[in-house]
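One letter stands for each residue in the lines below.
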Amino acid sequence: MILWVKALHVLAVIAWMAALLYLPRLMVYHADAAVGSDKSETFKVMERRLLRGIGTPSMLASWIFGLWAAWLFNVWTDIWFIAKLACVIFMTGYHMVLAHWVRVFAEDRNTRSALFYRFANEVPTLFLIAVVIFVVVKPF
Ligand code: HEM
């Protein structure tokens, strides 16, 4: 069962990462679309469905199967796990910020530029690299 839990965990984090990387990319183009245009309205639907249909459910599944794996592997005091958890808590905070931005766009209240969202798009990549090194290499 321990390998099934880990496999379901990895599947969930792949879906979560896809949402964390694709959502800000949509916002890069949404920021340049005129308010009220068909393009802007289409982006609103895409952002809402990506967040609610994939992002949030896969984040919850990542946590459920991740904590279950932590319990089965009993890794609570391992330094690599604590470092990983710190990164994942940041990623969860970033997810909440994305959810807020989806709401801001949905209410036509966005004032940030496409360049801003280009930089925001790089954030999850940095955490992804750190998390995978911590959990696979276990450097400490
Ligand atoms: C949400 C909270 C998370 C918790 C509590 C958690 C916990 C764990 C645990 C306990 C394992 C098993 C480690 C082992 O095999 O010794 C694991 C495996 C793994 N986790 Fe997470 N994790 C979380 C999020 C993530 C995220 C966000 C990513 C990627 C971005 C990730 C990527 C992985 C990978 C790739 C493995 C398999 C490692 C291997 O088989 O060597 N995890 N996770």
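These figures come from a predicted structure and were not determined experimentally.

J.: Would you mind showing me how to read the site of the ligand here?
T.: Taken together, 23 residues surround the ligand, and among them K6, H9, K84, V88 and K138 come closest. Here K6 contributes a side-chain N or O atom positioned 2.8 Å from an oxygen atom of the ligand. Between the ligand and K138, the relevant distance is 3.1 Å, taken from an oxygen atom to a side-chain nitrogen or oxygen of the residue. If you tally residues by element for the shell around the ligand, the top one is helix α2 (residues 38-73), at seven residues. Taken together, the residues of the shell around the ligand break down into 17 nonpolar, three polar and three charged.

J.: Whenever I open this one, the pattern of salt bridges confuses me. Can you help?
T.: When charged atoms on two side chains of opposite charge get close, those side chains can pair. As enumerated under the stated definition, the model contains three salt bridges in all. Note that D108 is salt-bridged to K44, the shortest N-O span being 3.0 Å. Of this pair, D108 sits in the loop between α3 (79-106) and α4 (114-120) while K44 is found in helix α2, placing the two residues 64 residues apart along the sequence. A residue is classified by how much of its surface remains accessible, and K44, at 11% relative accessible area, is buried. Two residues, R109 and E107, come together in a salt bridge whose shortest N-O distance is 2.6 Å. By sharing partners, the salt bridges in this structure join E41, K44 and D108 into a single network.

J.: Could you clarify how one ought to interpret the environment of L126 in this entry?
T.: For L126, the position within the fold is in helix α5 (residues 123-137). Classification of L126 by relative accessible area gives exposed; the value is 61%.

J.: I keep staring at the nonpolar core and nothing clicks. Help me out?
T.: Where a protein is soluble and globular, its nonpolar side chains tend to be buried together. Counting 28 residues, the largest nonpolar core has W16, L20, L23, M27 and L98 as its most contacted members. Among the elements of the structure, α1 (2-30), α2, α3, α4 and α5 are those that each provide at least two residues to this core. Among the elements that take part in this core, α3 stands out by supplying ten residues, more than any other. Aside from chain neighbours lying at most four places away, what touches L20 is M91, Y94, H95, L98 and P124.

J.: Which parts of the structure should I look at to understand the packing of α3 against α5?
T.: Between two packed helices, both the angle of their axes relative to each other and the distance between the axes serve to describe the pair. Their axes nearest at 9 Å, the elements α3 and α5 cross at an angle of 160°. If you check the angle between α3 and α5, you find them roughly antiparallel. Considering the relative orientation of α3 and α5, their crossing is left-handed. Counted together, W80, A83, K84, C87, V88, F90, M91 and Y94 of α3 and V123, P124, F127, L128, A130, V131, F134 and V135 of α5 form the full contact between these two elements. Here the contact of α3 with α5 is built from residues that sort into 15 nonpolar, no polar and one charged.

J.: Would you explain the packing of aromatic side chains in this entry?
T.: The geometry of an aromatic ring pair is captured by the separation of the ring centres together with the interplanar angle, meaning the angle of the planes. Applying the stated criterion across every chain, the model contains nine aromatic pairs. Between F65 and W68, the ring centres sit 6.1 Å apart and the planes meet at 15°, which makes this aromatic pair stacked. On the criterion of helical spacing, the pair formed by F65 and W68 is a turn pair, its members being three residues apart in helix α2. Take W68: its relative accessible area is 32%, and that puts it in the partly exposed class.

How each quantity is defined
Residues numbered from 1 in each chain as written. Predicted model: local features only at pLDDT ≥ 70, side-chain atom pairs only at ≥ 80, totals over all residues. Heavy atoms only, no water. Near = heavy atom within 4 Å. Polar contact = N/O pair within 3.5 Å; in protein donor to acceptor, adjacent residues only side chain to side chain. Helix = DSSP H or I, 4+ residues; strand = E, 2+ residues; numbered from the N terminus. Nonpolar A, V, L, I, M, F, W, Y, C, P; charged D, E, K, R; others polar. Salt bridge = Lys/Arg side-chain N within 4 Å of Asp/Glu carboxyl O. Buried < 20%, exposed > 50% of the residue type's maximum accessible area, 1.4 Å probe, protein only. Core = buried A, V, L, I, M, F, W, Y, C linked by side-chain atoms within 4.5 Å. Contact = heavy atoms within 4.5 Å. Axes fitted to C-alpha atoms, helices over the stretch in contact; angles between N-to-C directions. Parallel < 35°, antiparallel > 145°, perpendicular 65-115°, else oblique. Left-handed = near helix turned anticlockwise from the far one by under 90°. Phe/Tyr/Trp six-rings, centres within 6.5 Å; stacked < 30°, edge-to-face > 60°.

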